[in-house]
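# Structural overview for review
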Amino acid sequence: MSLAPCVLRRILAGVTTVLFATASGCAPQPEDDASARPSGSTGASCTESELATKTSGKLTIATDRPAYEPWFKDDDPSNGEGFESAVAYAVAERLGYGEDSVVWQSVPFNKAFAPGVKTFDFDINQVSVSDERRKAVDFSSGYYDVRQAVVALKDSPAAKATGVADLKDLKLGAQVGTTSLSFIEDIVRPARDAAVYGKNDQAKSALRNGQVDAIVVDLPTAFYITAAEVTDAEIVGQFEDRGGAPEQFGLVLDKGSALTRCVTKAVDALREDGTLAEIEQRWLADAADAPVLK
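Conventions and cut-offs
- Residues numbered from 1 in each chain as written.
- Predicted model: local features only at pLDDT ≥ 70, side-chain atom pairs only at ≥ 80, totals over all residues.
- Heavy atoms only, no water.
- Helix = DSSP H or I, 4+ residues; strand = E, 2+ residues; numbered from the N terminus.
- Buried < 20%, exposed > 50% of the residue type's maximum accessible area, 1.4 Å probe, protein only.
- Pairing = 2+ DSSP bridges.
- Salt bridge = Lys/Arg side-chain N within 4 Å of Asp/Glu carboxyl O.
- Contact = heavy atoms within 4.5 Å.
- Axes fitted to C-alpha atoms, helices over the stretch in contact; angles between N-to-C directions.
- Parallel < 35°, antiparallel > 145°, perpendicular 65-115°, else oblique.
- Left-handed = near helix turned anticlockwise from the far one by under 90°.
- Nonpolar A, V, L, I, M, F, W, Y, C, P; charged D, E, K, R; others polar.
- Polar contact = N/O pair within 3.5 Å; in protein donor to acceptor, adjacent residues only side chain to side chain.

In this section: unusual backbone geometry. Residue Pro-66 is reached from Arg-65 by a cis peptide bond, and omega for that bond is 5°. Following Glu-69, the chain continues into Pro-70 via a peptide bond in cis, with omega recorded as 5°. Unusually for a residue other than glycine, Asp-74 sits at a positive phi of about 60°. Looking at the secondary structure, you find Asp-74 in the loop between strand 1 (59–63) and helix 2 (83–94). For Asp-74, a relative accessible area of 57% translates into the label exposed. With a phi close to 50°, Gln-126 is a non-glycine residue in the positive phi region. Positionally, Gln-126 belongs in the loop between strand 3 (122–123) and helix 4 (131–134).

The structure is reproduced here in structure tokens:
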């Protein structure tokens, strides 16, 4: 039996529609466009099962040794005591890693942000974010806004300084590769070259022995030095805010790390919900006030 032309056209049209819909439903979906992602992002979920860490199921965190107070306590980053230890575990928790899944590694300060592939997932060691360092590594968003301070023995002429100009004729010292050293060279511009030390311990010894008139360190460290380590020293003052974006410590990651987006997201969440402020209040409360050197 033959069909009328109009009926045949309707049947063919219906079959075409069904075939098109079926093909569309079974066709492979396009992959996420990697070019549209932020640098360091994989587009993956920021959960433990999705993160490509150095060791599967573990989060490897690095810092220098010895690990100084108030950033760490009892030279033991794994105990959760001290500002940076507490921050590290808070970030780990946000990423889905419990304390038992965190592995600590010792990495010297300068090597943390030197060029080359890292052995850690992120490093936390009072490393200031800078454009120069970004050439070699990735940084998370800042987890602490920092100020630099001058420490001198109480009975030294340096203790009488009230402004930057009073520091220019002094012999100043700081740890190599730090913002503290940059402040001496770029802000103070002393008449004599700064003494440069591999560790803060060496700088403190030089201060005790009178080899330098004063040392420059970050403000929380200055409070700890004067309260517990060099008790005959005092904080001469802190450098004033130079305006613009504040100096910040950031977590250090491999250049182009797939973890950077997720670690930054975790730090941002901790800042937004007040966790960073609570940790700071607990461990760095003493670093609230110090004379400002103008």
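Before going further, it helps to spend a moment on the sheet that holds strand 6 (residues 172–175). Spatially, 7-6-8-5-9-11 is the arrangement adopted by the six strands of the open sheet, whose pairing is mixed. The open sheet has two free edges, formed respectively by strand 7 (195–197) and strand 11 (292–293), since each of these has just one partner strand. With two bridges joining them, strand 6 and strand 8 (residues 214–218) adopt parallel strand pairing. From the neighbouring strand, Leu-172 faces strand 8, where its bridge partner is Ala-214.

Bringing the pattern of salt bridges into the picture now. Here the structure, examined in full by the defined rule, presents eight salt bridges. For Arg-65, the salt bridge identified is with Asp-75, shortest N-O distance 3.9 Å. With a gap of 10 residues between them, Arg-65 in the loop between strand 1 and helix 2 and Asp-75 in the loop between strand 1 and helix 2 connect regions that are remote in the sequence. Assessed through its relative accessible area of 30%, Asp-75 is described here as partly exposed. For the salt bridge of Lys-204 with Asp-201, the shortest nitrogen-to-oxygen distance reads 3.1 Å. One end of the pair, Lys-204, and the other, Asp-201, are both in helix 6 (residues 200–208), three residues apart, so they sit about a helical turn from each other. Among the residues examined, Lys-204 registers a relative accessible area of 3% and is labelled buried.

Within strand 1, five of the five residues are buried, which leaves it mostly tucked inside the rest of the structure. Here strand 1 shows no split at all, with Leu-59, Ile-61 and Thr-63 on one side and Thr-60 and Ala-62 on the other all buried. Here strand 1 runs beside strand 2 (residues 102–106); their pairing, made up of five bridges, is parallel. Bridging from a neighbouring strand, Ile-61 pairs with Trp-104 of strand 2.

Within the fold, Gly-82 resides in the loop between strand 1 and helix 2. Relative accessible area serves as the criterion here: at 0%, Gly-82 is assigned to the buried category. C-alpha of Gly-82 to C-alpha of Glu-280: the two residues are 198 residues apart in sequence and 9.3 Å apart in space. Leaving out residues up to four positions away in the same chain, Gly-82 has contacts with Pro-70, Trp-71, Phe-72, Lys-73 and Trp-283.

It is worth spelling out the packing of helix 2 against helix 9 (residues 275–283) at this point. Look at helix 2 against helix 9: their axes get within 9 Å of each other, and the N-to-C directions meet at 155°. Here helix 9 runs roughly antiparallel to helix 2, going by the angle between their axes. Crossing angle aside, the handedness with which helix 2 passes helix 9 is right-handed. Along the contact surface, helix 2 presents Phe-83, Ala-86, Val-87 and Ala-90, while helix 9 presents Leu-276, Ile-279, Glu-280 and Trp-283. Residues of the contact of helix 2 with helix 9, tallied by class, amount to seven nonpolar, no polar and one charged.

Now for the environment of Val-129. Tracing the backbone shows Val-129 in the loop between strand 3 and helix 4. With a relative accessible area of 26%, Val-129 lands in the partly exposed category. A sequence separation of 50 residues divides Val-129 from Thr-179, and the C-alpha atoms of the two residues are 9.5 Å apart.

This brings us to the side chain of Thr-179. Along the chain, Thr-179 falls in helix 5 (residues 179–188). By relative accessible area, which is 17% here, Thr-179 ends up buried. At a separation of 3.0 Å, a polar atom in the side chain of Thr-179 contacts the side chain of Ser-128.

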